[in-house]
Each structure stands twice: as C-alpha cells, then as structure tokens.
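Chain residues, written in single-letter form:
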Amino acid sequence: MINSIVDAVNNLLWGNGQVLIYMLLIAGIWFTFKLKFIQILNFKHMFSLLKGSTKSDAAGISSFQALCTSLSARVGTGNLAGVAVAISLGGAGAVFWMWVIALLGMATGYAESVLGQVYKIKDENGEYRGGPAYYIKQGLKNSWFAVLFALCLFFGYGFVFSAVQANTITDALNNSYGISTTYSGLAIIVLAGAIVIGGLRAIARFAEFVVPFMGIAYVLVALGITVINIQFLPAVLYDIVSSAFGLQEAGAGAFAAAVKNGIQRGLYSNEAGSGSVPQAAASATPHPNHPVSQGYMQMLGVFIDTMILCTATAFIILLAGNGMTGEREGIRLTQSAMESHLGFFGGDFVAAAICLFAFTSVVANYAYGESNLHIFKLDNKLGRIFYTSGYLLMIFWGSRESLQTVWNMADMALGLMTVVNIIAIVLLTPTIVAVTKDYNEKRKASAKMDFIEKDCEIQGETTDNIWK
C-alpha cells in the first residue's frame, strides 16, 4: 500500500502530471527576470564574497561553513549515483537539462537563501535558526503552511534522504569489496551518531574540513580522464545536446525522458528551490553583514554542485561509452565507468568518493531536520532523542532496502518539500527584490554593507533585533 501511495504521488509530481517540472522551470525563469539575470551578470561577484567568508560570531557559523554544510547535503549520491540514474533512464540529453535547471536554480537558490537570512531567529541556546518554515510563518503569517513544510522537510531530510545516502554507500562497498550491507549500515550509524551528537557546530566543522578536500580530488580525477579522452569529448558534447531535444532516432520519447530525468535528478543533486539550503544559510553570520551575501554564497553552491561535480560524473560515464539503458542504474554504473578508465583502481576510488560524498550528506541532513524541531516545540532533550533515534533507524533501513524503493521515497519527499517552498518564495518575491535592491545600492555607493530592516519593504515581520 505504501509503495502504491508513493508511486501515485510521484506520478503526479514527476510523471504524467509533471507538476514539479513546470513549477521549477517557471520559478527559475521568474526569479531570473525579477533579479535581472543575477546568476549571469553578477557571476564574478559571487566568487569575490569568498574573501572574508570564514568570519563568524558566537551565535552563528561562518558563511564558508554554511556553504560547506549546504554542499555536504548537496554533494552526495546525486552527484555520483543520481547522474548515473539520469543517464541510464534519460540518456545523454538528461545532462543538458541538469545544466538548464542548475542555471535557473541558481536564481531560485539565491532567493530562498536570502529569505532564510532575513527571517532567521535566535533560539534559547543563542544560535541562529531559520528556513522556509520560519519565513513562511513570519513573512506570510501562515502557521499551518509553515508546519506543513516542516513536516515535509522532517520526512525528507530527517529520515528518507539519509536512507538514500546509506543505500548508496553500502551498495558501493558491497559491489567493490563484498562487505555485508548490514555491517556497513551499522558502521554508518555509529560514525554519524558520534558526529551529530555535537550539534550544528560539529557538523559545520566536519563539513568545512571534508567537503573541499573530496570535491577537489574528485574534480581533478575527472579532469584527468577528460584530458586523456579529449578526442572523444566533441562527440560526447554533441550527443548531450542532440539527445536533449530528441533529435536522434528515439525522438519524442527520448526527449521526454531526458527532460524528466535531467530536471528530477538535477534538483535532487543541487536542491535549488526545495527549501533545504535556507536552513544552513540562516545559521550563518554573513560577510558582509547583509542577507544578500549569503544568497550569493548559496548560489555558488548550486554552480559547484551541478555545473562542476555532476558534469564531472557525466563525462566519466559518457566517455566510457555508457548511455541510456532504460533500467534504473545507480552507483554501480559510475563504478564500472571509472574502472573502464582507470582499471581496478577506478572502482576503489568511486567507493571511497561515495563514502565521503554520501556520509557528509548523512550528517548535514540531520542538521536540516534538527533545525525544525523548534517549529514543533520539540527543541528539547526528549525531542532530540526521538528525532535522533528515528534518523539512525532510517539509515539502517536504507542500507538494506532496494535501490528502487529508497529513490522513489526520496523523489516523493523532495517533491512535496519543493511544492510548498516554491509557492512561499514566489509569494515573498517583493521582499527578495527589496533586499537585493538595498544591497546593490549600498554596493554601488560603496556604503557600509549593513542590513537595516527599515531600508527595505519587508513582508510580515522578523522576530527580534538580530539585524539592528
């Protein structure tokens, strides 16, 4: 019965209904125009904000730590297994639509992260909290809609998505070394539990150390493979573009599969518009002291995730001659492609990479769910025990469940979150535009880059004197 419900919801969101595909494309285009092509025209400025991004205060984590925490959640199975799923079901053309949704998603990711900063609060421990549940409640003054999002996020990041990451890790280790999924699942529980008990700061410190290292190593290997096979790259690029528009033999069917799987897997990877990243963005002490700076930092995260890391995986797979099979293939397709390039070492490298990629996602997912305990008045010892227990049990369930089941569950959870969040951020567009205008005016005048609420037309209200 549960599988039937999941299939019915996914069919509405991703299948015949295609509700989310239209919502994501429209939202991306909407914010691209309302923010005056910010992801293109201010592309260089996005990188300039990395300077000074390691500064923080006692209440928050640094902008760089927030970026790494969000990348910890983004950079995981979506980059290695998710790209393989997209190509196996949608062909090379799915990669093109991953690029499209990432380019548009940079504007959407910027918008939701700015809101996360504007409407953040300080909890009883003196730490910053925020995200869609907070900006829906304060900005739209709609408590039931805020609770609905928090429930969707709790279901997704608190439980389901970590099961997907665990499934990919255990499958990779079983494929490469024959390690029982039960034993590797238990090992993940022990390691994850040891980190998440330390709270958001421990997770941020872990992410700040691991994410840059693993990302650079993976890109360098992919770059080396691309250079070695450079003579085949033009054919791969032609295949990506021609397949994206159904110009090959399969025609309309291939076009539909490419669009659906490219957007679906692209969203799962970069999370732009899903409402997850604002949790990390809200926790940051931005530098400079303005919500827009964290919007730029998280926009950079979308670019790194999809345009760099997902593209690296796509080239590895396509340069190995692998393509659309019609069967859902995950991390094993990426492993076999890497082995074709690097021999036996390739499979070992992917197994190591996915363990780091996916494990950082496992611990970052915990932080996203934990930040919403406040919404349910469960931000206490008993509430955390309940949440942590369910989180760890779902990791074990995912490590032993089938690939199809966990991915279908993840698609439904991500889809429900995204529907609620897209509606909210579109309704809050005037605030996003006003805050961005304030930043641009101060930047142009070389004025002190402090955010003062009265300078902007803020919908609803923020909670206390955080920005004063």
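Residues numbered from 1 in each chain as written. Predicted model: local features only at pLDDT ≥ 70, side-chain atom pairs only at ≥ 80, totals over all residues. Heavy atoms only, no water.

A.B. asks: How should the overall build of the protein be read in this particular structure?
C.D. replies: Scanning the protein from terminus to terminus reveals 20 helices and four strands. Buried residues in the protein amount to 61% of all 468 residues. Put simply, of all contacts in the protein between residues at least 6 apart along the chain, 82% involve residues at least 24 apart. Accessible area of the protein: about 17700 Å², with a carbon and sulfur share of 66%. (Helix = DSSP H or I, 4+ residues; strand = E, 2+ residues; numbered from the N terminus. Buried < 20%, exposed > 50% of the residue type's maximum accessible area, 1.4 Å probe, protein only. Contact = heavy atoms within 4.5 Å. Areas by Shrake-Rupley, 256 points an atom, 1.4 Å probe, with all protein chains shown as cover.)

A.B. asks: Explanation requested: the packing of helix H9 (residues 143-177) against helix H19 (residues 403-427) in the structure shown.
C.D. replies: When two helices pack together, their arrangement is captured by the angle between the axes and the distance separating the axes. In contact at an axis separation of 9 Å, H9 and H19 are set at 150° when each is read in the N-to-C sense. The orientation of H9 relative to H19 falls into the category roughly antiparallel. With respect to the hand of their crossing, H9 and H19 are arranged in left-handed fashion. Residue composition of the contact of H9 with H19, grouped by class: 22 nonpolar, three polar and no charged. (Axes fitted to C-alpha atoms, helices over the stretch in contact; angles between N-to-C directions. Parallel < 35°, antiparallel > 145°, perpendicular 65-115°, else oblique. Left-handed = near helix turned anticlockwise from the far one by under 90°. Nonpolar A, V, L, I, M, F, W, Y, C, P; charged D, E, K, R; others polar.)

A.B. asks: Looking at this model, I keep getting lost on the environment of His-374. Mind explaining?
C.D. replies: Looking at the secondary structure, you find His-374 in the loop between helix H17 (344-370) and helix H18 (381-400). Spatially, the C-alpha atom of His-374 lies 9.9 Å from that of Glu-124, the residues being 250 residues apart in sequence.

A.B. asks: What is the right way to read the side chain of Thr-334 from this model?
C.D. replies: In this fold, Thr-334 is placed in helix H16 (residues 331-342). If we skip the residues at most four places from it in the chain, Thr-334 touches Leu-80, Ala-84, Tyr-218, Thr-313, Ile-317 and Val-350.

A.B. asks: Looking at this structure, how should I read the pattern of salt bridges?
C.D. replies: Opposite charge on two side chains makes pairing possible when the charged atoms of those side chains draw close. Evaluation of the coordinates by the stated rule reveals three salt bridges. Its salt-bridge partner being Arg-384, residue Glu-370 comes within 2.9 Å of it at the nearest N-O pair. Of the two residues, Glu-370 sits in helix H17 while Arg-384 sits in helix H18, which places them 14 residues apart along the sequence. Judged by its relative accessible area of 23%, Arg-384 is partly exposed. Salt bridges sharing partners connect three or more residues here, namely Arg-129, Glu-370 and Arg-384. (Salt bridge = Lys/Arg side-chain N within 4 Å of Asp/Glu carboxyl O.)

A.B. asks: What should I look at first to understand unusual backbone geometry in this one?
C.D. replies: Excluding glycine, most residues fall at negative phi; most peptide bonds, likewise, are trans. A positive phi angle, near 55°, is found at Phe-37, a position not held by glycine. Within the secondary structure, Phe-37 is located in the loop between helix H2 (19-34) and helix H3 (38-41). Classification of Phe-37 as partly exposed rests on a relative accessible area of 33%. Not every positive phi belongs to a glycine, and Lys-141 is a case in point at roughly 55°.

A.B. asks: I tried to follow the packing of aromatic side chains on my own but got confused; where do I start?
C.D. replies: By convention here, two paired aromatic rings are described through the distance between centres and the angle between planes. If you walk through the whole model with that rule in mind, you get 18 aromatic pairs. Judged by centre distance (5.0 Å) and plane angle (65°), the rings of Tyr-366 and Tyr-391 are edge-to-face. Here the residue Tyr-366 occupies a position in helix H17, and Tyr-391 occupies one in helix H18, the gap between them amounting to 25 residues. The pair formed by Tyr-366 and Tyr-391 is uniform in burial state, with each residue classed as buried. (Phe/Tyr/Trp six-rings, centres within 6.5 Å; stacked < 30°, edge-to-face > 60°.)

A.B. asks: I keep staring at the nonpolar core and nothing clicks. Help me out?
C.D. replies: The nonpolar side chains of a soluble globular protein tend to be buried, and buried together. Counting residues in each nonpolar core, the largest one holds 138 residues, and the members touching the most others are Tyr-110, Tyr-218, Tyr-296 and Ile-395. Ignoring anything within four residues of it in the chain, the contact list for Ile-395 reads Ser-162, Ala-166, Gly-185, Ile-188, Ile-189, Ala-192 and Val-362. (Core = buried A, V, L, I, M, F, W, Y, C linked by side-chain atoms within 4.5 Å.)

A.B. asks: Help me understand the packing of helix H8 (residues 132-139) against H19, please; the structure alone is not making it clear to me.
C.D. replies: The geometry of H8 relative to H19 is characterised by a closest axis approach of 10 Å and an angle of 40° between their N-to-C directions. Between H8 and H19, the angle is such that the two are oblique. Remark: the crossing between H8 and H19 carries left-handed chirality. Of the residues in H19, those touching H8 at Pro-132, Tyr-135 and Ile-136 are Val-420, Asn-421, Ala-424 and Ile-425. Residues that form the contact of H8 with H19 fall into these classes: six nonpolar, one polar and no charged.

A.B. asks: Whenever I open this one, H19 confuses me. Can you help?
C.D. replies: The α-helix advances 3.6 residues per turn, and as a result positions three or four apart in sequence lie on the same side. In this model, H19 (25 residues) spans 36 Å end to end at C-alpha, consistent with the 36 Å of a helix rising 1.5 Å per residue. Among the 25 residues that make up H19, 18 are buried, leaving the element largely enclosed by the rest of the structure. (Expected span 1.5 Å × (residues − 1).)

A.B. asks: Just checking my understanding: could you explain a nonpolar patch on the surface for this structure?
C.D. replies: Taken together, the side chains of Ile-29, Phe-33, Phe-37, Ile-40, Leu-41 and Leu-103 make up a nonpolar region of the molecular surface, amounting to roughly 590 Å² of accessible area. Taken together, the elements giving at least two residues each to the nonpolar patch come down to H2 and H3. (Patch = residues over 30% accessible without salt bridge, like charges linked within 9 Å, V, L, I, M, F, W, Y side chains within 5 Å.)

A.B. asks: Looking at this model, I keep getting lost on H17. Mind explaining?
C.D. replies: Here H17 contains 27 residues, and its C-alpha end-to-end distance of 40 Å stays within 8% of the 39 Å for a straight helix at 1.5 Å per residue. Most of H17 is tucked away: 21 of the 27 residues are buried.

A.B. asks: How should the environment of Ala-272 be read in this particular structure?
C.D. replies: Note on placement: Ala-272 falls in the loop between helix H13 (252-270) and helix H14 (277-282). For the pair Ala-272 and Thr-418, spaced 146 residues apart in sequence, the C-alpha separation works out to 8.9 Å. When sequence neighbours within four positions are dropped, the list of residues in contact with Ala-272 reads Leu-24, Gly-105, Thr-108, Gly-109, Glu-112, Leu-267 and Val-302.

A.B. asks: In this structure, what is going on with the side chain of Thr-170? I would like to understand it.
C.D. replies: Here Thr-170 is to be found in helix H9. Of the residues examined, Thr-170 reaches a relative accessible area of 1% and is grouped as buried. In terms of polar contacts, Thr-170 uses its side chain to reach the backbone carbonyl oxygen of Ala-166, at 2.9 Å. Once residues lying within four places of it in the same chain are set aside, the contact partners of Thr-170 are Thr-181, Ser-184, Gly-185, Ile-188 and Ser-399. (Polar contact = N/O pair within 3.5 Å; in protein donor to acceptor, adjacent residues only side chain to side chain.)

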